[in-house]
Amino acid sequence: MSRIEQLIDEIEEYIDSCKYQPLSTTKILVNKEELEELLVELRLRIPDEIKQYQKIISNQEAILNEARSQADTMVAEATAQTNELVNEHEIMQKAYAHANEVVAQANAEAQNIVDKAVDDANGIRQGAVQYTDDMLRSLQTIINHTMDGAKGRFDAFLSSMQSSYDIVSSNRNELAGGIVQPEEEPAREEEPAAE
């Protein structure tokens, strides 16, 4: 099991272990720091695992190169055998026939090796892409779940604040009828300054 799978399991276990919010069966209380630590480690691990898959895929290139090298060697050996047998006309005819058979056999074998290596590489590449997509889908689900929980808490907070605001406004409106505005005093004329 990869570290990414372990982290996803830990996040799921953590979410399962969280307590429900009072009066709710769907919303939970989450320690933000713990969840963020797990998500940060998960985010750091994903590139490492993708590099491992890329390394596996690049090894397939080495297998293909080795297969091509073996095919080239077999063709070179067949060509060398042909060159040794061209001394006499009759031997030369047999040599060409034999060489053609060897070359055809070598080409067929080389093509089989290359085809198998390509199939293996494609299978590994597809597996790596599928695994990465599965991991990202799991991460997406966790983040979406976390965002839903945060939105629910934020909506509840706004509702509570609106209710408090409405009560304060209502109380002020009730008090407004009982407030008497003081009358303004007429402005006094200034006396001339004594010289």
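Conventions we followed
- Residues numbered from 1 in each chain as written.
- Predicted model: local features only at pLDDT ≥ 70, side-chain atom pairs only at ≥ 80, totals over all residues.
- Heavy atoms only, no water.
- Salt bridge = Lys/Arg side-chain N within 4 Å of Asp/Glu carboxyl O.
- Helix = DSSP H or I, 4+ residues; strand = E, 2+ residues; numbered from the N terminus.
- Buried < 20%, exposed > 50% of the residue type's maximum accessible area, 1.4 Å probe, protein only.
- pLDDT = per-residue confidence, 0-100.
- Core = buried A, V, L, I, M, F, W, Y, C linked by side-chain atoms within 4.5 Å.
- Contact = heavy atoms within 4.5 Å.
- Expected span 1.5 Å × (residues − 1).
- Arc of directions from axis to C-beta.

A.B. asks: Describe the pattern of salt bridges, and please don't skip the residues or the numbers.
C.D. replies: Inspection of the entire model under this criterion finds four salt bridges. Taking the shortest distance from any N to any O, the salt bridge between Glu 36 and Lys 32 comes out at 3.9 Å. Within this pair, Glu 36 and its partner Lys 32 are both found in helix α2 (residues 32-84), separated by four residues, close to a single helical turn. Here Asp 134 ties to Arg 137 by a salt bridge, and the two come within 3.2 Å at their closest N and O atoms. Of the two residues, Asp 134 and Arg 137 are both situated in helix α3 (residues 89-176); the distance of three residues between them amounts to about one turn of the helix. Residue Asp 134 is classed as partly exposed on the basis of its relative accessible area, which comes to 25%.

A.B. asks: Please set out the confidence of the model for the protein chain residue by residue, giving values where relevant.
C.D. replies: In the predicted model, the protein chain carries a mean pLDDT of 81, and the fraction of residues at 70 or more is 89%. The spread of mean pLDDT over the elements of the protein chain runs between α2, the lowest at 82, and helix α1 (residues 3-17), the highest at 86.

A.B. asks: Mind laying out the nonpolar core, listing which residues take part and the relevant values?
C.D. replies: The nonpolar side chains of a soluble globular protein tend to be buried with one another. With 19 residues, the main nonpolar core has Ile 4, Ile 8, Ile 11, Leu 39, Leu 42 and Ile 142 as its most contacted residues. Counting only elements with at least two residues in this core, the list comes to α1, α2 and α3. In this structure, Ile 11 is in contact with Leu 35, Leu 38, Leu 39, Leu 42 and Ile 142, ignoring residues within four places of it in sequence.

A.B. asks: Please set out α1 residue by residue, giving values where relevant.
C.D. replies: The end-to-end C-alpha distance of α1, which contains 15 residues, comes to 21 Å, matching closely the 21 Å that a straight helix rising 1.5 Å per residue would cover. Those residues of α1 lying buried are Ile 4, Leu 7, Ile 8, Ile 11, Tyr 14 and Ile 15. Down the axis of α1, the sector holding all buried residues measures 125°, keeping them to one side. Across α1 from its buried face, at more than 90 degrees, point the exposed residues Glu 13, Asp 16 and Ser 17.

A.B. asks: Lay out the environment of Glu 49 in plain terms, naming residues and giving numbers.
C.D. replies: On the secondary structure map, Glu 49 appears in helix α2. Note: C-alpha distance between Glu 49 and Arg 3 (46 residues apart in sequence) is 8.7 Å. Non-local contacts of Glu 49, meaning those with residues more than four positions away in its chain, are made with Ser 2, Arg 3, Ile 4 and Tyr 131.

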